[in-house]
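Chain by chain, the residues run as shown.
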There are 2 protein chains.
Amino acid sequence: MAEMVSNKQVILKDYVSGFPKETDMYITTTSIELKVPKDSNGVLVKNLYLSCDPYMRPRMRNVEGSYIDSFKPGMHISGHGVARVLDSENPEFKKGDLVWGMTGWEEYSLITDSKLFKIHHTDVPLSYYTGILGMPGMTAYAGFYEVCSPKKGDYVFVSAASGAVGQLVGQFAKLFGCYVVGSAGSKDKVYLLKNKFGFDEAFNYKDEPDLNAALKRYFPEGIDIYFENVGGKMLDAVLLNMRIRGRIAICGMISQYNLDIPEGVQNLMNLVAKRVRMEGFFVRDYYHLYPKYLEMIIPHIKDGKIVYVEDIAEGLESAPAALVGLFSGRNVGKQVVAVATE
Amino acid sequence: MAEMVSNKQVILKDYVSGFPKETDMYITTTSIELKVPKDSNGVLVKNLYLSCDPYMRPRMRNVEGSYIDSFKPGMHISGHGVARVLDSENPEFKKGDLVWGMTGWEEYSLITDSKLFKIHHTDVPLSYYTGILGMPGMTAYAGFYEVCSPKKGDYVFVSAASGAVGQLVGQFAKLFGCYVVGSAGSKDKVYLLKNKFGFDEAFNYKDEPDLNAALKRYFPEGIDIYFENVGGKMLDAVLLNMRIRGRIAICGMISQYNLDIPEGVQNLMNLVAKRVRMEGFFVRDYYHLYPKYLEMIIPHIKDGKIVYVEDIAEGLESAPAALVGLFSGRNVGKQVVAVATE
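Bear in mind that the values here come from a model prediction, so they are computed numbers and not experimental data.

(A) Molecular detail of the relation of the copies chain A and chain B. Once chain A has been moved 0.0 Å along the axis and rotated by 180°, it coincides with chain B to within an RMSD of 0.0 Å. The two molecules are tied by a two-fold rotation axis, judged by turn and shift. For chain A, the residue whose C-alpha comes nearest the rotation axis is Gly264(A), separated from it by 1.8 Å.

(B) Structural detail: the nonpolar core. Core analysis: the biggest nonpolar cluster contains 225 residues, and Leu268(A), Ile297(A), Leu268(B) and Ile297(B) have the highest contact counts within it. With residues up to four places along the chain from it excluded, the contact list for Leu268(A) reads Leu239(A), Met278(A), Leu235(B), Met253(B), Val265(B), Leu268(B) and Met278(B).

(C) Inspection of unusual backbone geometry at higher detail. All names here are of chain A. The backbone phi angle of Asn41 is positive, close to 60°, even though this residue is not glycine. Relative to the helices and strands, Asn41 is located in the loop between strand 2 (25–33) and strand 3 (43–51). Classification of Asn41 as partly exposed rests on a relative accessible area of 42%. For Arg245, which is not glycine, the phi torsion reads 65° and is therefore positive. Counting through the fold element by element, Arg245 comes out in strand 12 (residues 242–250).

(D) Molecular detail of the confidence of the model for chain A. Across chain A, the average pLDDT comes to 95, with 99% of residues at 70 or higher. Predicted complex metrics record ipTM = 0.92 and pTM = 0.94.

(E) Expanded view of the side chain of Gln167(B). All names here are of chain B. Secondary-structure assignment places Gln167 in helix 2 (residues 166–176). Only 3.4 Å separates the side chain of Gln167 from the backbone oxygen of Ser162, close enough to count as a polar contact. Not counting residues up to four positions away in its chain, the partners in contact with Gln167 are Ala161, Ser162, Phe197, Phe199, Val307, Tyr308, Val309, Gly333 and Lys334.

(F) The arrangement of the packing of helix 2 (residues 166–176) of chain A against helix 7 (residues 290–302) of chain A in detail. All names here are of chain A. Across the interface, helix 2 lies against helix 7 with an axial gap of 14 Å and an inter-helix angle of 90°. Taken together, the axis directions place helix 2 and helix 7 in an arrangement best described as roughly perpendicular. Here Leu168, Phe172 and Leu175 of helix 2 come into contact with helix 7, specifically with Tyr293, Met296, Ile297 and His300. Of the residues that constitute the contact of helix 2 with helix 7, the class distribution is 6 nonpolar, 1 polar and no charged.

(G) Looking closely at the interface of chain A and chain B. At the interface, 28 residues of chain A touch 28 residues of chain B. Interface area, chain A with chain B, both sides summed: about 2,600 Å², of which 63% is carbon and sulfur. Considering only the surface of chain A that becomes buried against chain B, Met269(A), Val272(A) and Arg275(A) emerge as the three largest contributors, covering 22% of it. The interface formed by chain A and chain B includes 4 salt bridges. Across the contact surface, chain A and chain B share 10 residue pairs in polar contact (both at pLDDT 80 or more). Within the residue set of the side of chain A that touches chain B, elements represented by two or more residues are strand 12, helix 6 (270–273) and strand 13 (277–280) of chain A.

(H) View of the pattern of salt bridges. Under the criterion given, the structure shown has 34 salt bridges over all chains. Salt-bridge contacts for Arg247(A) lead to Asp154(A); the nearest nitrogen and oxygen are separated by 3.2 Å. Within this pair, whereas Arg247(A) is found in strand 12, its partner Asp154(A) is found in the loop between helix 1 (135–147) and strand 8 (155–158), the two being separated by 93 residues in sequence. Like Arg247(A), the residue Asp154(A) is buried in the burial classification. A salt bridge links Lys8(B) to Glu317(B); the shortest N-O distance between them is 2.3 Å. Placement of Lys8(B) in strand 1 (residues 4–12) and of Glu317(B) in the loop between strand 14 (310–314) and helix 8 (319–325) is noted, with a sequence separation of 309 residues between them. For Glu317(B), a relative accessible area of 43% gives the class partly exposed. Here the residues in one salt-bridge network are Lys94(A), Asp97(A) and Lys118(A), joined through shared partners.

(I) Spotlight on the packing of helix 1 (residues 135–147) of chain B against helix 7 (residues 290–302) of chain B. Residues and elements named next belong to chain B. Between helix 1 and helix 7, the shortest axis-to-axis distance is 11 Å and the interhelical angle comes to 95°. On the basis of the axis angle, helix 1 is roughly perpendicular to helix 7. Taken together, the residues of helix 7 that come into contact with helix 1 (itself represented by Gly137, Met138, Tyr141 and Tyr145) are Tyr290, Lys292, Tyr293 and Met296. When its residues are assigned to classes, the contact of helix 1 with helix 7 shows 6 nonpolar, 1 polar and 1 charged.

(J) Geometry of the side chain of Asn258(B). Residue and element names in this part refer to chain B. Within the element layout of this structure, Asn258 appears in the loop between strand 12 (242–250) and helix 6 (269–273). Residue class for Asn258 comes out buried when judged on its relative accessible area of 5%. Side-chain polar atoms of Asn258 contact the side chain of Arg57, separated by 2.6 Å. Look past the residues within four positions of Asn258 in its chain and what remains in contact with it is Gly18, Phe19, Pro20, Arg57, Arg61 and Phe327.

(K) Layout of helix 7 of chain B. All names here are of chain B. With 13 residues, helix 7 should reach 18 Å at 1.5 Å per residue; the first-to-last C-alpha distance of 18 Å fits that figure. Along helix 7, the residues classified as buried are Tyr290, Tyr293, Leu294, Met296, Ile297, Ile298, His300 and Ile301. Residues of helix 7 that are buried sit in contact with strand 5 (98–104), strand 7 (116–118), helix 1 and helix 2. Where helix 7 ends, the next residue or the one after it, Gly304, has phi of about 80°, a positive value.

(L) Main features of the pairing of strand 3 of chain A. Residues and elements named next belong to chain A. Where burial is concerned, most of strand 3 is hidden: 8 out of the 9 residues are buried. Taken together, the 7 bridges between strand 3 and strand 4 (residues 78–88) define a ladder with antiparallel strand orientation. Considered in strand 4, the bridge of Tyr49 is made with Val82. Judged from the 4 bridges that link them, strand 3 and strand 6 (residues 108–111) form a sheet pairing that is antiparallel. If you follow Val43 over to strand 6, its bridge partner there is Ile111.

(M) Structural view of the packing of aromatic side chains. Residue and element names in this part refer to chain A. Counted under the stated rule, the structure contains 41 aromatic pairs over all chains. Ring geometry for Tyr141 against Tyr145: centres 5.3 Å apart, planes inclined by 55°, an arrangement best described as tilted. With Tyr141 and Tyr145 both in helix 1, this residue pair falls 4 residues apart, about one helical turn. The exposure class assigned to Tyr145 is partly exposed, which follows from its relative accessible area of 23%.

(N) The sheet that holds strand 13 of chain A, seen in detail. The sheet built from 12 strands is open, its strands ordered 10(A)-9(A)-8(A)-11(A)-12(A)-13(A)-13(B)-12(B)-11(B)-8(B)-9(B)-10(B) with mixed pairing. In this open sheet, the two edge strands, each paired with only one partner strand, are strand 10 (201–204) of chain A together with strand 10 (201–204) of chain B. Each adjacent strand pair in this sheet contributes to an overall mean axis angle of 15°, direction not counted. Here 4 bridges tie strand 12 of chain B to strand 13 (residues 277–280) of chain B, and the two strands are oriented parallel to one another. Of the residues in strand 13 of chain B, the one forming a bridge with Ile250(B) is Gly280(B). Against the sheet, helix 3 (residues 187–195) of chain B touches strand 9 (179–184) and strand 10 of chain B, its axis set at about 175° to strand 10 of chain B. Sheet strands in contact with helix 5 (residues 232–239) of chain B are strand 8 (155–158), strand 9, strand 10, strand 11 (223–228), strand 12 and strand 13 of chain B, and its direction is about 170° off that of strand 11 of chain B.

Thresholds applied
Residues numbered from 1 in each chain as written. Chains lettered and ligands numbered in written order. Predicted model: local features only at pLDDT ≥ 70, side-chain atom pairs only at ≥ 80, totals over all residues. Heavy atoms only, no water. Least-squares fit on C-alpha atoms with pLDDT ≥ 70 in both. Core = buried A, V, L, I, M, F, W, Y, C linked by side-chain atoms within 4.5 Å. Buried < 20%, exposed > 50% of the residue type's maximum accessible area, 1.4 Å probe, protein only. Contact = heavy atoms within 4.5 Å. Helix = DSSP H or I, 4+ residues; strand = E, 2+ residues; numbered from the N terminus. pLDDT = per-residue confidence, 0-100. Polar contact = N/O pair within 3.5 Å; in protein donor to acceptor, adjacent residues only side chain to side chain. Axes fitted to C-alpha atoms, helices over the stretch in contact; angles between N-to-C directions. Parallel < 35°, antiparallel > 145°, perpendicular 65-115°, else oblique. Nonpolar A, V, L, I, M, F, W, Y, C, P; charged D, E, K, R; others polar. Buried area = accessible area lost by both parts, 1.4 Å probe. Salt bridge = Lys/Arg side-chain N within 4 Å of Asp/Glu carboxyl O. Expected span 1.5 Å × (residues − 1). Pairing = 2+ DSSP bridges. Phe/Tyr/Trp six-rings, centres within 6.5 Å; stacked < 30°, edge-to-face > 60°.

Written as structure tokens, this is what we have:
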């Protein structure tokens, strides 16, 4: 008989409308057997780092037909994470392996139905596999190189630019020879963008009563590429400032996730006037490029050409607050929860 | 000294807000010398047919930085037309040539600065060069084949489907092996779509209180291609029904042209969930394909594989009403004004 251990979990109380609050979740303690059932093809892991990502907000709503299932009230939530394999019936993984992928918001998870990636490079912070070396990194990579069709010298605008994805898009664009401006929601974040991530310019959107005027200031000749993370009013202002044959890659629209009815976007006729391509994308379609991405990014991390800023909350108990903070922009850089240090 | 003749013109009274009215224009009679000034590189034409097109509405507004200049209050308006060359200082054209291109809303025009196409095929109705053989035809051709990236078997939806462009997009899509549904604003138009243009299905959007439900009825599996002519609520409903990797080609948004503030479009997050590409396009970028288009379309017109329905108003005096009728959907098929029969 295998060892039974206690297992703290983060439970969603009920479907959420409006801004999520810490009290929409609670911590409970259950128990789990540290062994994978024989016929399950599963993997039993100890979670080390959990990732707080904007796409988790729509999962707190009861929506059918979305690209990702809703969380279930009364059940623990799930998300990307980094974990150590304790037991495996899956031939791809063995005890002791480090993995990243979709896991539960709990101390230990039995993973039976989601794709896990084995971690080979361990001479970098393991938490990076929730960010630059994980889903957000691949999102930035695929979104910028595959969807934005960048050209050297392009004028690039990134919203939510200090976030898990934005900080990388800006650095990729600079490496590529583009002019890059980012927007973020605080003075500290703007400072980071200019002084740590090497953006050419950055501004605090909360200080700009007229976003159109702000964009005209930083892009007097217009925008070739907009990497869209926020939606709503920012998108409307960007549409007024696109250049001919510009491209808008829609990664997400975080400003809309807490609204019951999304804001209306009014300036879509500019897509015609400027012959702009606006395209939504989804990182899952690009994971075949992950080995190529690692080959590019690992040396850049080691030689310091690409930097990555994380905001790490300690302990599973801090996870609800960390997740909720994402939607008020409390985090500076990629929001991670450190669950265990082994 | 060349002949001076009287020249009736359609004058824009003042910039227009809201729905244009006949009284926003008036007819006046000036005079014109039927001779091109020696150093002008110009062409003097007698206008035969004038084209009423949705894009003319934004030109009645005072907007800077649009893709096309505003009309000038107190001056005659302009648009696409078919004309006979009476005199030419342009080496590409000579007296007697038939041409189509941008001309004035008047009996005679001195054209100095716009591209004209010489008409070679005259065994088809000349008015077709305002439609199927002119700008709308090229718009349908480029929009469908170049922007929509069609595949055999695709589910295609066309709005304003009986209009100058829509009726062709539907027929092109059927020829290509797609399933095609069109929307229009009257019973007669719906009848045309199904019985003349060969759409698989068609519906009157004015009879549908819930456009999302209507689209779900005709596209239980969703929409691969949306050829967008109307914008607003229809676009919002379509966004809820796109299939994965669908494409939206934005040709125009006629429902929005008479609004001071465009309607907001709320369902753009579906572009991400379904990885949809939405792209504005502009026929001017595709005129290099015109010879190839003629090669394809002329035989189809002659063998009856492609049909074209026009709504012809007689006389320059009827032009203001014809143009205004476009925005209430009064026209059935391509709206043309016959100015002269020579």
